[in-house]
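Chain by chain, the residues:
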Amino acid sequence: MSGGDNAAPHVVEDFFGVVRLLSDGSVVRGDESILMPAPAEAYPDVPGVQWKDVVYDAARSLRVRVYRPSAADGDGGKLPVLVYFHGGGYCVGAYDQPMFHSCCQRFAAGLPAVVLSVQYRLAPEHRLPAAIEDGAAFLSWLRWQAALGARAEPWLAESADFARTFVSGVSAGANLAHHVVVQAASGQIALGPVRVAGYVLLSAFFGAAERTPTEVDADVSLTESIDQLWRMALPVGVTRDHPLANPFGPESPVLEPLPLPPVLVVVPGRDVLRGHMLRYAARLREMGKAVELAEFAEEEHGFSVRRWGEANEELIRILKRFIHHGAALS
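About the cut-offs
Residues numbered from 1 in each chain as written. Predicted model: local features only at pLDDT ≥ 70, side-chain atom pairs only at ≥ 80, totals over all residues. Heavy atoms only, no water. Helix = DSSP H or I, 4+ residues; strand = E, 2+ residues; numbered from the N terminus. Rg over C-alpha atoms; globule rule 2.2 N^0.38 Å. Contact = heavy atoms within 4.5 Å. Areas by Shrake-Rupley, 256 points an atom, 1.4 Å probe, with all protein chains shown as cover. Lys, Arg positive; Asp, Glu negative; His and termini not counted. Charge placed at Lys NZ, Arg CZ, Asp CG, Glu CD. Buried < 20%, exposed > 50% of the residue type's maximum accessible area, 1.4 Å probe, protein only. Pairing = 2+ DSSP bridges. Salt bridge = Lys/Arg side-chain N within 4 Å of Asp/Glu carboxyl O. Right-handed = clockwise from strand over helix to strand, strands pointing away. Phe/Tyr/Trp six-rings, centres within 6.5 Å; stacked < 30°, edge-to-face > 60°. Lys NZ or Arg CZ within 6 Å of the ring centre and 35° of its normal. Polar contact = N/O pair within 3.5 Å; in protein donor to acceptor, adjacent residues only side chain to side chain. Axes fitted to C-alpha atoms, helices over the stretch in contact; angles between N-to-C directions. Core = buried A, V, L, I, M, F, W, Y, C linked by side-chain atoms within 4.5 Å.

J.: Just give me the short version of the overall build of the protein, but keep the residues and values in it.
T.: Of the regular secondary structure elements, the protein holds nine helices and 11 strands. For the protein, the C-alpha radius of gyration of 20 Å lies close to 20 Å, the compact-globule estimate for 330 residues. Oriented by its inertia axes, the alpha-carbon framework of the protein measures out at about 70 × 40 × 40 Å. Sequence separation of 24 or more characterises 73% of the internal contacts of the protein that already satisfy a separation of 6 or more. Per element, the accessible surface of the protein, about 13900 Å² overall, is 52% carbon and sulfur. Here the protein holds 29 positive side-chain charges and 38 negative ones, and the gap between their average locations is 6 Å.

Set out below in structure tokens:
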């Protein structure tokens with residue numbers, strides 16, 4: 001046996017010391033707090049919102065965090081359902097991290113709505129399509145809950161109007177939301193009695209082999225970090241034109257014939273990925289789909305969870321109008 005066969009594994013990808021992928025496929029994780037925009041104390045609990053964790057996939061120990069206003073004031077006590085997938089480039093992040101937790105509380109209180117923040121498996125330990133599979137499994141679990149009626153998880157039975165379900169996500173979570181909505185629209189996920197009345201993409205994490213003008217003009221170190229996340233998240237050996245990165249790639253599903261629900265695309269003006277978001281909205285409009293575009297000129301990627309300010313209050317107003325307009329059309 002040669003000496004090379006006994007060589008220790010070496011680092012092939014190092015994402016700021018938080019995710020290290022080794023040559024033997026193993027992964028070493030560090031402290032994600034260094035990537036957080038602010039300490040946990042900057043994301044206080046929101047008064048008047050209840051929350052709890054529920055297991056939706058026992059085999060994989062995956063949970064959903066259920067949020068609802070303490071005093072539900074929807075029609076007959078029932079509220080719209082907002083499914084929410086957290087961000088992190090498919091490689092970092094968690095449904096229970098303070099910035100996602102606080103954001104979901106604010107959505108639950110401000111819309112108001114039952115918010116379901118979904119845990120999913122991360123790359124590179126679980127490369128795509130693992131996260132998409134988890135998202136689809138969650139929607140199947142939600143369908144089961146809806147079918148149970150009064151025997152469903154108590155908070156859902158009491159407060160959730162499953163006919164007014166909206167699927168959302170931030171960054172990689174928005175990418176995930178797109179894919180599960182497409183699967184539902186194409187019949188790959190059976191939903192009844194759940195009805196997806198719309199979907200919301202916040203700072204969507206899309207990519208392509210060809211750079212958009214916003215990427216060309218960006219700092220090289222930033223685009224390299226994004227490329228690194230895609231290398232660790234996508235199946236080994238594929239390019240950013242893979243369907244899971246590029247919704248309009250050469251092998252991506254054809255969207256025009258699909259009965260996609262209305263979509264709200266939220267685009268920060270200082271986001272290096274905004275070119276992909278704008279293209280997404282434009283392409284769907286060309287197909288005759290219902291698209292609402294909300295641009296925030298002075299905001300950065302993921303502003304909806306990074307801090308709370310005037311832009312976030314405006315986002316709540318836009319989201320509330322979109323959800324209740326969609327509900328009125330249902």
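J.: Got a sec to walk through the pairing of strand β10 (residues 263-268)? Specific residues and values, please.
T.: Among the six residues in β10, six count as buried, and that is most of the element. Residues of β10 alternate between two faces, with Val-263, Val-265 and Val-267 on one and Leu-264, Val-266 and Pro-268 on the opposite face, all of them buried. Where strand β9 (residues 196-202) meets β10, four bridges bridge the pair, whose relative direction is parallel. Note that in β10 the partner of Val-200 across the bridge is Leu-264.

J.: A description of the pattern of salt bridges should follow, citing residues and the corresponding values.
T.: Across all of its chains, the model carries 18 salt bridges by this definition. Salt-bridge contacts for Arg-211 lead to Asp-227; the nearest nitrogen and oxygen are separated by 2.6 Å. In this pair, Arg-211 sits in the loop between β9 and α5 (213-216) while Asp-227 sits in helix α6 (residues 220-233), placing the two residues 16 residues apart along the sequence. Assessed through its relative accessible area of 11%, Asp-227 is described here as buried. Linked by salt bridges that have partners in common, Asp-57, Arg-60, Arg-121, Glu-133 and Asp-134 make up one network.

J.: For the pairing of β9, give the residues involved together with the corresponding values.
T.: By the criterion of burial, β9 is predominantly enclosed, with seven of the seven residues buried. Pairing of strand β8 (residues 160-170) with β9 involves six bridges; the strand directions are parallel. When the bridges of β9 are listed, Val-170 appears paired with Leu-202. Assessed by its sense of winding, the connection that carries the chain from β8 through helix α4 (residues 172-185) to β9 is right-handed.

J.: Break down the packing of aromatic side chains for me, citing the residues and quoting the values.
T.: Applying the stated criterion to the full structure yields 11 aromatic pairs. A connected cluster of aromatic rings, assembled from ring pairs, spans Tyr-56, Phe-138 and Trp-141. For Arg-283, the ring lying beneath its charged end belongs to Phe-248, and the centroid distance is 4.5 Å.

J.: How would you explain the side chain of Lys-289 if you had to name every residue and give the values?
T.: Within the secondary structure, Lys-289 is located in the loop between α7 (274-286) and β11 (291-296). Buried within the structure, Lys-289 lacks any salt-bridge partner; Glu-256 is the closest side chain of opposite charge, at an N-O distance of 7.2 Å. Separated by 2.7 Å, the side chain of Lys-289 and the backbone oxygen of Glu-256 make a polar contact. Discounting chain neighbours no more than four positions away, the residues touching Lys-289 are Leu-255, Glu-256, Pro-257, Leu-258, Leu-260 and Leu-284.

J.: If you had to explain the sheet that holds strand β3 (residues 27-29) to someone new, which residues and values would you point to?
T.: One open sheet holds the three strands; their spatial order is β1-β2-β3, and the pairing between them is antiparallel. Strands at the two margins of the open sheet, each flanked by one partner only, are β1 (11-15) and β3. Averaged over all pairs of adjacent strands, the angle between strand axes in this sheet comes to 15°, irrespective of strand direction. Note that strand β2 (residues 19-22) and β3 share three bridges and pair antiparallel. Bridging from a neighbouring strand, Val-19 pairs with Arg-29 of β3. In the packing of α6 onto the sheet, the strands contacted are β1 and β2, and the crossing angle to β1 comes to about 125°.

J.: Please give an account of the nonpolar core that cites residues and values.
T.: Grouped together as the largest cluster of nonpolar side chains are 78 residues, with contacts concentrated most on Tyr-90, Leu-116 and Phe-138. Per element, the largest residue contribution to this core is nine residues, and it comes from α4. Val-49, Val-115, Ile-316 and Phe-322 belong to the second largest nonpolar core, which has 33 residues in total.

J.: Just give me the short version of the environment of Thr-165, but keep the residues and values in it.
T.: If you trace the backbone, Thr-165 turns up in strand β8. Given a relative accessible area of 0%, Thr-165 falls into the buried group. Once the C-alpha coordinates of Thr-165 and Ala-197 are considered, the two residues, 32 residues apart in sequence, prove to be 5.7 Å apart. Beyond its immediate sequence surroundings of up to four residues, Thr-165 is in contact with Val-81, Val-83, Leu-142, Val-194, Arg-195, Val-196, Ala-197 and Gly-198.

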